[in-house]
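As a plain string of letters, each chain reads:
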Amino acid sequence: MTAYEPPDAAGTAGYDAIVLAGGAARRLGGVDKPGVRVGGRALLDRVLAACARARTTVVVAAPRPTARPVTWAREDPPGGGPLAALDAGLRHTTAEHVLVLSADLPFLQERTVDELLGTLRDGGTDGVLLTDPGGRDQPLVAAYSASRLHTALAALAGRHGSLSGLPLRRLVAELNLTRISDPVASFDCDTWDDIATARARIREHGHVLDEWISAVKDELGIDLDVDTRGLLDLARDAAHGVARPAAPLTTFLVGYAAARAGGGPEAVDEASRKAAALAARWAAEASAGSEGDVAPDATPDTRPDAG
């Protein structure tokens, strides 16, 4: 359960992200789909977390509260469809590479974003997109050359008089694309059954802790890699070596100590190390009884009244 370690800054620097979040959601009865919660977080916030390292993130939709700062844009006219929305978002970007996402991707992760961008940089095509389990293109889970997007959208607008109402497949036909199969990251929520499937999956044993930690970090505004295994080991040692209630209290105190030390992964690691060593010493004393170990720097008390 170790945290994902992204590539160094040179490997992912300089990309912008566009999130299309203004669809009508007819198959969901017209509800505000980007605001539907999966694992306690709005679908839009889950997508924003996956592209948190974007230089600029543009959300094409009416403004709303979000867990992360974004730039807002609207297509003209509103409701003009995905290509009109993409064009509106693209006007607010400046990076050479642009990540284009829908707002209903509950399982999109940072590692997938890095794979898309890395393949685009290394491959020399116009873009890289995911395909779903049926092999269908998912052009709203993709990374593109910004210049090629501008050229293709301009050509389509010139050919059809407007981008309004044009389907995404027209854009796909204009570009030379690389495809990556990823049935999990490409999963999108079009129906209530999809929402139910997503909510059930994140509560599976292999996902629930990572999902919960991500949700807490978003809720508290924390952008910190968490060594889940290390903290769980610490909580276990405190519970077994001291007393069960010591586990949550110890991890809280580790967090508080790390914050006072300036925060960051190094501060958390150092506070965890000290607390784990203390728990080990505590447990050793309990198992040794009255003949327990003496601290290395301990000296006998030679005062006349000692003892």
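Residues numbered from 1 in each chain as written. Predicted model: local features only at pLDDT ≥ 70, side-chain atom pairs only at ≥ 80, totals over all residues. Heavy atoms only, no water.

Take the pattern of salt bridges next. Any two side chains of opposite charge can pair, so long as their charged atoms come close to each other. On inspection of all chains with the given rule, the structure shows 14 salt bridges. With a closest N to O distance of 3.5 Å, Lys 33 and Asp 190 form a salt bridge. Here Asp 190 lies in the loop between β9 (177-181) and α7 (192-201) and Lys 33 lies in the loop between β1 (15-20) and β2 (37-38), a separation of 157 residues in the sequence. Look at Lys 33 and you get buried, because its relative accessible area is 15%. Residue classification places Asp 190 among the partly exposed residues on the basis of a relative accessible area of 25%. In this structure, a network of salt bridges that share partners links the residues Lys 33, Asp 104 and Asp 190. (Salt bridge = Lys/Arg side-chain N within 4 Å of Asp/Glu carboxyl O. Helix = DSSP H or I, 4+ residues; strand = E, 2+ residues; numbered from the N terminus. Buried < 20%, exposed > 50% of the residue type's maximum accessible area, 1.4 Å probe, protein only.)

Turning our eyes to something else, we now look at the pairing of strand β7 (residues 127-131). Counted residue by residue, β7 has five buried out of five residues, so it is predominantly covered. Inspection of the sheet shows β7 paired to strand β8 (residues 137-145) by five bridges, in the antiparallel sense. Looking across to β8, one finds that Leu 129 is bridged to Ala 142. The loop that links β7 with its antiparallel partner β8 comprises five residues; one of these, Gly 135, has a positive phi angle of about 85°. Examined bridge by bridge, β7 and β9 share five bridges and lie parallel to one another. Looking at the pairing, Leu 130 lines up with Ile 180 of β9. (Pairing = 2+ DSSP bridges.)

This part takes up a nonpolar patch on the surface. A surface patch of nonpolar side chains, amounting to about 210 Å² of accessible area, comprises Val 208, Leu 209 and Leu 232. Taking relative accessible area as the criterion, Leu 209 reaches 31% and is therefore assigned partly exposed. (Patch = residues over 30% accessible without salt bridge, like charges linked within 9 Å, V, L, I, M, F, W, Y side chains within 5 Å. Areas by Shrake-Rupley, 256 points an atom, 1.4 Å probe, with all protein chains shown as cover.)

A word on the confidence of the model for the chain. With 85% of its residues at a pLDDT of 70 or more, the chain shows a mean pLDDT of 83. The secondary-structure element of the chain with the lowest mean pLDDT is helix α1 (residues 9-12), recorded at 48, while strand β6 (residues 97-102) shows the highest, at 98. Contacts for the low-pLDDT stretch residues 289-307, under 50 throughout, to residues beyond four places or in other chains number one contact. (pLDDT = per-residue confidence, 0-100. Contact = heavy atoms within 4.5 Å.)

Another point: the packing of aromatic side chains. Two descriptors summarise a pair of aromatic rings, namely the distance from one centre to the other and the angle between the planes of the rings. With the rule as written, the count across this model stands at one aromatic pair. Taking 5.6 Å as the distance between ring centres and 40° as the angle between the ring planes, the aromatic pair formed by Phe 107 and Phe 187 counts as tilted. Of this pair, Phe 107 sits in the loop between β6 and α4 (110-123) while Phe 187 sits in the loop between β9 and α7, placing them 80 residues apart in sequence. The class for Phe 107 is buried, based on a relative accessible area of 7%. Above the plane of the ring of Phe 107 lies Arg 201, whose end atom (NZ or CZ) is 4.7 Å from the centre. (Phe/Tyr/Trp six-rings, centres within 6.5 Å; stacked < 30°, edge-to-face > 60°. Lys NZ or Arg CZ within 6 Å of the ring centre and 35° of its normal.)

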